[in-house]
Amino acid sequence: MDVLDLARLQFALTGSLHFLFVALTLGLAPLVAIMHTRWVRSGNPLHEHMTRFWGQIYVINYALGIVTGLVMEFQFGLSWSGLSHYAGDVFGAPLAMETLVAFFLESTFLGLWIFGWHRLPKALHLACIWIVTLTAYGSAFYIMIGNAFLQNPVGSVVRGDHMELTDFGALMSNSALVGAFPHVIGAGLAAGGFVMMGASAYQLLRRTAYLEFFTKSLRTGVVVAAIGVVVAVGSGYAQLGLVQEDKFEANTGAAVGLGFMMLIGELLQLVVVFLMLPTVYWLPRWRWTHPILIIMTPLPFLAAVFGWMAREIGRQPWMIWERLTVADAMSPGLTSGMVTTSLIGFTGVLGLLAVVDYVLIVRVVRRGPGDLALGAWPLTPAPAPVRLEV
């Protein structure tokens, strides 16, 4: 492989791995905020422990996802300085806003939420997790502004050897953004819903002592997954009328990604919306369905990766559509050895983080809500285990 192909492969692998963390973060954040709201309003200890349990999984995924995001940012300077030079004045603006939102606001309020258990007033503590949720979606919004600019470079002009920003409002109303952002929201909700659904099904299959806890979690997961799938599929089809005509016809890789994403999306819509949602009340009692739910857990993540393949490969050979080619966006002086070394290093680090994330989340799921670190001081009694025959 030449230097260009190696650099593209590097960004594709690291970008796909990073988005797996992002999808789960976007899916779990509103779920945790809703559970916390239920607890504050009702005072029900079950809602408190649901908040702590799923919140702990959210915190694990967020912490490791931040590191993968740093690797993504580092690559712009390492391999794509041509992009920074040519369009940094435009492309850098939403990235800077995302940094302010994600690394300052989101991280600050998440820290207050994590360490504010039993210390902050309940209303203020609840406000923290809702701000975390809003800033998480704000962060995704600014990232999608930058990506939409690469797909459809509006709000800018070319002056000499670089582009300059002329209308930030045009960036925010970009036609490549209007359909894409709801699509990402739907993908995130589907990912969070399926993780909640699969983890709950695992515990119910084991005849968990916390039957009510995971019954409610499973039903919540099914409803959220159904909403996410409908939003993702609907907004995905809406985007097809806005993309460039030859984006998929002239690019086999993009067409393959699109084909598999649509296939998985339609399958999930059929299963979740038309088969599982109508039976959400009885589903926790049907143990024969629980292995199926567990097996289905990775599907929304797989669909998300294929979706990014379709969106990004379809732009080739352009880094910025009809403005800057991928070859011209590369950093000068790169060699195959340099890119191969960074490819192995980046992929190894992100792959390790993905494995650690999976192992830690699985450990929390297997342990159940009886021994939680989040919000554990002062000690709060765990929900009483009650075994019921299903």
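These figures come from a predicted structure and were not determined experimentally.

K.L.:
Requested: an account of the overall build of the protein chain, with residues and values cited.
P.N.:
Regarding its fold elements, the protein chain presents 14 helices and four strands. Its C-alpha radius of gyration of 22 Å places the protein chain within 12% of the 21 Å reference for a compact globule of 390 residues. Dimensions along the principal axes, computed over C-alpha positions, put the protein chain at roughly 70 × 45 × 40 Å. Of all intrachain contacts in the protein chain linking residues separated by at least 6 positions in sequence, the fraction that spans at least 24 positions is 84%. If you sum the accessible surface of the protein chain, you get close to 17200 Å²; carbon and sulfur atoms cover 70% of it.

K.L.:
Tell me about the environment of Val365, residues and numbers included.
P.N.:
Tracing the sequence through the fold places Val365 in helix H14 (residues 336-367). Sequence separation between Val365 and Gly198 is 167 residues; the distance between their C-alpha atoms is 9.9 Å.

K.L.:
Report on the side chain of Arg315, specifying residues and quantitative values.
P.N.:
Tracing the chain through its elements places Arg315 in the loop between helix H12 (299-313) and strand E3 (318-320). Its relative accessible area of 4% is what places Arg315 among the buried residues. A polar contact of 2.8 Å, which involves the side chain of Arg315, links it to the backbone oxygen of Met319.

K.L.:
So, helix H7 (residues 180-205): which residues are in play, and what are the values?
P.N.:
Here H7 spans 37 Å end to end across 26 residues, near enough to the 38 Å set by a 1.5 Å rise per residue. For H7, the buried fraction is high: 22 of the 26 residues fall into the buried class.

K.L.:
Quick one: what's the story with the packing of helix H3 (residues 81-115) against helix H4 (residues 122-151), residue by residue and with numbers?
P.N.:
Relative orientation of the contacting elements H3 and H4 amounts to 170°, with a least axis distance of 8 Å. For the element pair H3 / H4, the angle class is roughly antiparallel. Classifying every residue of the contact of H3 with H4 by side-chain character gives 24 nonpolar, six polar and two charged.

K.L.:
Could you give an account of H4, naming the residues involved and the relevant values?
P.N.:
For H4, spanning 30 residues, the distance from its first C-alpha to its last is 44 Å, which sits close to the expected 44 Å at 1.5 Å a residue. Most of H4 sits out of view: 22 of its 30 residues are buried.

K.L.:
Talk me through the pairing of strand E2 (residues 162-165); I want residue IDs and the actual numbers.
P.N.:
Of the strand pairs in this sheet, strand E1 (residues 156-159) and E2 are connected by four bridges, and their pairing is antiparallel. In the strand pairing of E2, Val158 is matched with Met163. Where E1 folds back on E2, the antiparallel hairpin that results is connected by two residues, among which Gly160 adopts a positive phi of roughly 70°.

K.L.:
Residue-level account of the environment of Ala123, with values.
P.N.:
Among the structural elements, Ala123 can be located in helix H4. For the pair Ala123 and Thr37, spaced 86 residues apart in the sequence, the C-alpha separation amounts to 9.1 Å.

K.L.:
Now, about the pattern of salt bridges: what can you tell me, with residues and values included?
P.N.:
Opposite charge on two side chains makes pairing possible when the charged atoms of those side chains draw close. The final tally for this structure, using the stated rule, is three salt bridges. Of the charged contacts in the structure, one is a salt bridge between Arg159 and Glu164, with a shortest N-O distance of 2.8 Å. The residue Glu312 makes a salt bridge to Arg315 at a minimum N-O spacing of 2.8 Å.

K.L.:
Give me the lowdown on the nonpolar core, citing residues and values where you can.
P.N.:
If you look at the biggest cluster of nonpolar residues, it comprises 113 residues, and the most contacted ones within it are Trp54, Tyr58, Leu83, Trp113, Phe149 and Ile320. The element that contributes the greatest number of residues to this core is helix H1 (residues 3-42), accounting for 15 residues. The residues contacting Leu83, other than those within four sequence positions of it, are Phe76, Gly88, Phe91, Leu150, Met319, Ile320, Leu324 and Ala329.

K.L.:
Outline the packing of H7 against H12, supporting the account with residue identities and numerical values.
P.N.:
Contact geometry for H7 and H12: axes closest at 9 Å, N-to-C directions at 160°. The orientation of H7 with respect to H12, classified from their angle, is roughly antiparallel. Relative to H12, H7 is oriented so that their crossing is left-handed. Packed against H7, whose contacting residues are Ala180, Ala190, Ala191, Phe194 and Val195, the element H12 presents Pro300, Phe301 and Arg311 at the interface. Of the residues belonging to the contact of H7 with H12, the class tally is seven nonpolar, no polar and one charged.

K.L.:
Which residues make up unusual backbone geometry, and what values go with them?
P.N.:
A cis amide bond, omega 5°, links Gln316 with the succeeding residue Pro317. Even without a glycine there, the phi angle at His118 is positive, about 65°. By the element assignment, His118 lies in the loop between H3 and H4. A residue is classified by how much of its surface remains accessible, and His118, at 38% relative accessible area, is partly exposed. Notably, Arg207 is not glycine yet its phi reads approximately 55°, a positive angle. Following the sequence through the fold, Arg207 ends up in the loop between H7 and helix H8 (211-240). Looking at Arg207, the relative accessible area reads 40%, which means it is partly exposed.

K.L.:
How would you summarise the side chain of Thr68 if you had to cite specific residues and measurements?
P.N.:
Within the fold, Thr68 resides in helix H2 (residues 45-79). Judged by its relative accessible area of 0%, Thr68 is buried.

K.L.:
Tell me about the packing of aromatic side chains, residues and numbers included.
P.N.:
By the definition in use, this model includes 14 aromatic pairs. Look at Phe53 and Trp54: their rings are 4.8 Å apart centre to centre, the planes differ by 85°, and that puts the pair in the edge-to-face class. Looking at Trp54, the relative accessible area reads 0%, which means it is buried. When the ring of Phe141 is compared with that of Phe181, the centres are 5.2 Å apart and the planes differ by 70°; the resulting orientation is edge-to-face.

K.L.:
An account of the confidence of the model for the protein chain is requested, with residue identities and associated values reported.
P.N.:
Per-residue confidence for the protein chain gives a mean pLDDT of 88, with 93% of residues at or over 70. Put simply, helix H9 (residues 246-249) is where the protein chain has its lowest mean pLDDT, 65, and H7 is where it has its highest, 95.

Quick notes on the rules
Residues numbered from 1 in each chain as written. Predicted model: local features only at pLDDT ≥ 70, side-chain atom pairs only at ≥ 80, totals over all residues. Heavy atoms only, no water. Helix = DSSP H or I, 4+ residues; strand = E, 2+ residues; numbered from the N terminus. Rg over C-alpha atoms; globule rule 2.2 N^0.38 Å. Contact = heavy atoms within 4.5 Å. Areas by Shrake-Rupley, 256 points an atom, 1.4 Å probe, with all protein chains shown as cover. Buried < 20%, exposed > 50% of the residue type's maximum accessible area, 1.4 Å probe, protein only. Polar contact = N/O pair within 3.5 Å; in protein donor to acceptor, adjacent residues only side chain to side chain. Expected span 1.5 Å × (residues − 1). Axes fitted to C-alpha atoms, helices over the stretch in contact; angles between N-to-C directions. Parallel < 35°, antiparallel > 145°, perpendicular 65-115°, else oblique. Nonpolar A, V, L, I, M, F, W, Y, C, P; charged D, E, K, R; others polar. Pairing = 2+ DSSP bridges. Salt bridge = Lys/Arg side-chain N within 4 Å of Asp/Glu carboxyl O. Core = buried A, V, L, I, M, F, W, Y, C linked by side-chain atoms within 4.5 Å. Left-handed = near helix turned anticlockwise from the far one by under 90°. Phe/Tyr/Trp six-rings, centres within 6.5 Å; stacked < 30°, edge-to-face > 60°. pLDDT = per-residue confidence, 0-100.

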